[in-house]
Amino acid sequence: HQAQTIDLTEQHCEDIWGQLEFRQGYLGDSYPFRVHGDFIEVKNESNEISSIYTFLLAASRLRSFPQSAGIRQRWAKYFAEISCYALSSMLPDGSICKVFDANSSDRQNYYGTDLRNAAKILARDIRATLFNEEEISSSGDLGIDLVGYLPFNDNSQPIPVWIGQCGAQETSWPSKTLEAHPTAQKAHFHTLTDWSTTMFTPVCYRESNGDWPYQKSTSGIILIDRLRIIELLERNQAYNEIVQKDWFQDFVADFSTVTTD
């Protein structure tokens, strides 16, 4: 039994090492670690995109950080902001992208904190009919974190719409993938055509060959994991703006001083 346990442990370590080597090869200078031989080390040099990678890595392991300091909630909020930048990179020129999450600045400044009013504004923007209004409470986000749409000058329906869900959870995010799906939202909104549903996770959801581990987790949605987020931010060069944001600087300050539970 001991020999079998040792073999399994060695195989597990080889799988982990293969994953780390894949990430380094895929990301290049964007990867904040250096994998060589039997060693892995943090690079002394860093850039904007590798700093964002560090944030995504931390956001995928929120349970490793203190709950009492409010760090987990803040970093989950920051992840929604970064996901909005990534979604913007997917949208056509002229599109609008906002964060509908209940704790976002867009909810405070654009939609309003009362969900009943926020849902009406959302329905107007995506040119949907809001119904079963009595089922909507005053708080929450209906399982919708991100909203992207391409407006036209006319008042006709439909328009191109993208609805996103953000899952800053290490293992439970697959249970959230269909919360923003049109079928799940029919009790709240009706549109003449289904919108595109996108799931954002800070997890690097890859095998060492780059494939998804389980296709079921991607069914019915467009999955944007850590590697795709980095790719999208590189496409629109949003990383330069992100690292200057006050909330990202707050993350840097938190990360430099935090002690794990």
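Here the structure is shown first, and the text comes after it.
Residues numbered from 1 in each chain as written. Predicted model: local features only at pLDDT ≥ 70, side-chain atom pairs only at ≥ 80, totals over all residues. Heavy atoms only, no water.

A.B. asks: Give a detailed account of the pairing of strand 6 (residues 161-166), specifying residues and quantitative values.
C.D. replies: Taken across its 6 residues, strand 6 has 6 buried, putting it largely inside the fold. Burial of the side chains of strand 6 extends over both faces: Val 161, Ile 163 and Gln 165 are buried on one face and Trp 162, Gly 164 and Cys 166 on the other. Summarising the sheet, strand 5 (residues 146-149) and strand 6 pair through 4 bridges and their orientation is antiparallel. By the bridge assignment, Leu 146 is partnered in strand 6 with Gly 164. Examined bridge by bridge, strand 6 and strand 8 (residues 196-200) share 5 bridges and lie parallel to one another. Bridge pairing in strand 8 links Gln 165 to Met 199. (Buried < 20%, exposed > 50% of the residue type's maximum accessible area, 1.4 Å probe, protein only. Helix = DSSP H or I, 4+ residues; strand = E, 2+ residues; numbered from the N terminus. Pairing = 2+ DSSP bridges.)

A.B. asks: Tell me what's going on with the packing of helix 3 (residues 71-90) against helix 6 (residues 226-235), and back it up with residues and numbers.
C.D. replies: Geometrically, a packed helix pair is captured by the angle between its two axes and the distance between the axes. Packing of helix 3 against helix 6 brings their axes to within 8 Å, and their N-to-C directions diverge by 60°. Comparing the axis directions of helix 3 and helix 6 gives the class oblique. As for how helix 3 packs across helix 6, the hand of that crossing is left-handed. In this structure, helix 3 uses Phe 79, Ile 82, Tyr 85, Ala 86, Ser 89 and Met 90 to contact helix 6, whose residues at the interface are Ile 229, Leu 232, Leu 233 and Arg 235. Tallied by class, residues from the contact of helix 3 with helix 6 come to 8 nonpolar, 1 polar and 1 charged. (Axes fitted to C-alpha atoms, helices over the stretch in contact; angles between N-to-C directions. Parallel < 35°, antiparallel > 145°, perpendicular 65-115°, else oblique. Left-handed = near helix turned anticlockwise from the far one by under 90°. Contact = heavy atoms within 4.5 Å. Nonpolar A, V, L, I, M, F, W, Y, C, P; charged D, E, K, R; others polar.)

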